[in-house]
Amino acid sequence: MANVQVVTVRNVTRHRYLVYLIIWLCILFPVLYFKISDRPVPDNKTVNTSVNSVHKYKRTVSRVNYNDLTKVCNPPHMIERGDEGNIGLLNNSLTIQGVIILTRHGDRGPMNHVRNIADIDCSMEPDQDQEYNGYTKFLQNIFFNMSLQFLGPFHGYPLYPPQNNCSISQLTPIGVSQMLKLGRTLRSVYHPLLSVSNSDDIIIYSTKYRRTFQSALAFMYSVLSPDVLSKVTFKESDSYSYCFDHCACFNVNSLQMKMKQSSAKRLKGRRVVEKMLKRIHNIVHLMSSTVRVDPYLIRDSIMTYVCHGASLPCYQNDCVTYDNVEQLFNYIDWDLERYAKHGLLRKYGLLKSYGFALNIAMNLLKMVSESKPRLVLYSGHDLTAQYLLAAFGVLNAQTMSPHYASRLVFEVYRNNTVDTTYPSRDFYFRVIFNGKDVTRSVAFCRTRSKNWTDSSIYLCPIESAIRFIHDDYFITFNASNYKEACGIRS
């Protein structure tokens, strides 16, 4: 009988310990999940922590001043009006018909896990708080009082990032501020054109990433009135290159491999730089492998510190220095000059951007024949812009490495001085990249651009763009269509 009691006591004790263990695990796992997750808020919550409560936890760490290095970050105060819209009406001879805008998303966290990311403050400077707060209050209002159907496939996404967050690959509050400033800047240029009340006049595309969607939303908030914005349905692109129905291309991989080999060869020729990059790579990245270092990936990681005024990282008594960062950025500038001159780059851009070019051509024709849309936005990535500019023959170090919140604008104009039976011949366009008119650099515009009254103004006929995209696009491949150029057998 005594033995039975002992066994019973042991079983009760074991069951009690088991219950305690289960309770402990139930508490521990959720805590660990939210600690290690790079998602500050689960995706089924579209509104982040309120701005007021977040300000209580704002760090007061002084920021490091990196001076000239921050040009690659494109902080909000550097975003200004450039050549956009500066031709005016030219004595009423021209009327602006519409604009097509491709943007790169705003500032984001690194693409790789980097050291001390939790200590990096990705909040805004105090002078940017007011605009950001107004924007987040607007988003909270539409979440609680309005339908989110206008967001289309993005209705379940968080509408904006948390205040201090610097998560892997996610938009930061500074990124939101950049897009707000960019939208406000372009609205001041195109305000008469964009004073629309009909949602059919606006088309908004975004790739299926939070950073591009949130960037598009912030940009359009600054461009449109809230009532118009809430009527426009966002559209999604499955590809960061906006390839639409022309994504599968066999020859793309071959071209990419050859260009990567050229890049690796250039780096091998700079032994001192290569050795420094391996060292920086091991310091900066938590999970590092020095089998092959990518200088562009390292720059992306370093920008997390530089763009947010954070101290450069250290590891095992070795630290990244300011001089190291200068050397890295100088090497990138040198390499981009050579990359832009690579003989295969334009072919690569042509294949990657064919579907995108077709979509742009379709919207250009609608602007000519239907007088709408008035504004088309494509919210994309650095490579989205790089591929399209390469396809159009605008090849230089700046266009091959678009900074955060870059913009590529196509302005469409109608010539009021002629009236032909071919409407497309009455229409012209300009191409402006980050505020600089690059129309004369576009391959199919070089011999056909019209020099207007002002000798500095060049316009390219819409007809030239349509002819290039539909008839001449694959001439450099000695092919007549996409499948032939891609080496796809029917």
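Just above sits the structure.
Quick summary incoming for the structure in this document. Predicted model, so just to flag it, every value in this text is computed and none were measured. (Residues numbered from 1 in each chain as written. Predicted model: local features only at pLDDT ≥ 70, side-chain atom pairs only at ≥ 80, totals over all residues. Heavy atoms only, no water.)

1. As for the overall build of the protein
- A tally of helices and strands in the protein yields 15 helices and 11 strands.
- Burial analysis of the protein (490 residues in total) assigns 51% to the buried set.
- In the protein, the proportion of contacts linking residues at least 24 apart, taken out of those at least 6 apart, comes to 81%.
- Of the roughly 23700 Å² of accessible surface on the protein, a fraction of 52% belongs to carbon and sulfur atoms. (Helix = DSSP H or I, 4+ residues; strand = E, 2+ residues; numbered from the N terminus. Buried < 20%, exposed > 50% of the residue type's maximum accessible area, 1.4 Å probe, protein only. Contact = heavy atoms within 4.5 Å. Areas by Shrake-Rupley, 256 points an atom, 1.4 Å probe, with all protein chains shown as cover.)

2. Examining the nonpolar core
- Judged by nonpolar contacts, the single largest core of 91 residues is most densely connected at Ile302, Tyr378, Phe392, Phe410, Phe429 and Phe444.
- In terms of residues, this core owes the most to one element, helix α12 (residues 354-369), which gives eight residues.
- Setting aside anything within four residues of it in sequence, one finds Tyr378 in contact with Ile100, Ile101, Leu102, Thr103, Tyr205, Tyr242, Phe356, Asn359, Ile360 and Asn363. (Core = buried A, V, L, I, M, F, W, Y, C linked by side-chain atoms within 4.5 Å.)

3. Some remarks on helix α11 (residues 345-352)
- The element α11 is extensively covered by neighbouring structure, given that six of its eight residues are classed as buried.
- Taken together, the buried positions of α11 are occupied by Leu345, Tyr348, Gly349, Leu350, Leu351 and Lys352.
- Among the structural elements, α7 (250-268), α10 (322-339), α12, α13 (382-391), α14 (462-472) and α15 (482-486) are those in contact with the buried residues of α11.

4. What to know about the side chain of Asn359
- Relative to the elements of secondary structure, Asn359 occurs in helix α12.
- Take Asn359: its relative accessible area is 9%, and that puts it in the buried class.
- In contact with Asn359, not counting residues within four places along its chain, are Tyr205, Phe244 and Tyr378.

5. Description of the pattern of salt bridges
- Under the counting rule described, the total for this entry stands at 11 salt bridges.
- One salt bridge in this structure joins Arg407 and Glu84, with 2.8 Å as the shortest N-O distance. Separated by 323 residues along the polypeptide, Arg407 in strand β7 (residues 407-415) and Glu84 in the loop between α2 (51-55) and β1 (94-104) bring together distant segments of the chain.
- For Arg407, a relative accessible area of 5% corresponds to the buried category.
- Given the relative accessible area of 0%, Glu84 is considered buried.
- For Asp300, the salt bridge identified is with Arg108, shortest N-O distance 2.7 Å. You can see Asp300 sitting in helix α9 (residues 295-306) and its partner Arg108 sitting in the loop between β1 and α3 (129-145), a full 192 residues away along the chain.
- The buried category is assigned to Asp300, whose relative accessible area is 10%. (Salt bridge = Lys/Arg side-chain N within 4 Å of Asp/Glu carboxyl O.)

6. Some remarks on the packing of α7 against α10
- As a packed pair, α7 and α10 sit with axes 11 Å apart at the nearest point and diverge in direction by 140°. With respect to α10, the element α7 is oriented oblique. Relative to α10, α7 is oriented so that their crossing is right-handed. Across the interface between the two elements, Met259, Ser263, Arg266 and Leu267 from α7 touch Tyr331, Trp334, Asp335, Arg338 and Tyr339 from α10.
- Among the residues forming the contact of α7 with α10, the class breakdown is five nonpolar, one polar and three charged. (Axes fitted to C-alpha atoms, helices over the stretch in contact; angles between N-to-C directions. Parallel < 35°, antiparallel > 145°, perpendicular 65-115°, else oblique. Left-handed = near helix turned anticlockwise from the far one by under 90°. Nonpolar A, V, L, I, M, F, W, Y, C, P; charged D, E, K, R; others polar.)

7. Comments concerning the pairing of strand β2 (residues 202-207)
- Burial of β2 is extensive: six of the six residues sit out of reach of the surface.
- Alternating residues of β2 divide into Ile202, Ile204 and Ser206 and Ile203, Tyr205 and Thr207, and every residue in both groups is buried.
- Summarising the sheet, β2 and strand β6 (residues 375-380) pair through five bridges and their orientation is parallel. Its bridge partner lying in β6, Ser206 is registered against Ser379.
- Relative to strand β3 (residues 234-237), β2 runs parallel, the two sharing four bridges. Across the sheet, Ile204 pairs through a bridge with Phe234, a residue of β3. (Pairing = 2+ DSSP bridges.)

8. Some remarks on the packing of aromatic side chains
- Applying the stated rule across the entire model yields 31 aromatic pairs.
- The lysine or arginine in question, Arg211, covers the ring of Tyr209, its NZ or CZ lying 4.9 Å from the ring centre.
- A cation sits over an aromatic face here: Arg270 above Trp334, 4.4 Å from the ring centre. (Phe/Tyr/Trp six-rings, centres within 6.5 Å; stacked < 30°, edge-to-face > 60°. Lys NZ or Arg CZ within 6 Å of the ring centre and 35° of its normal.)

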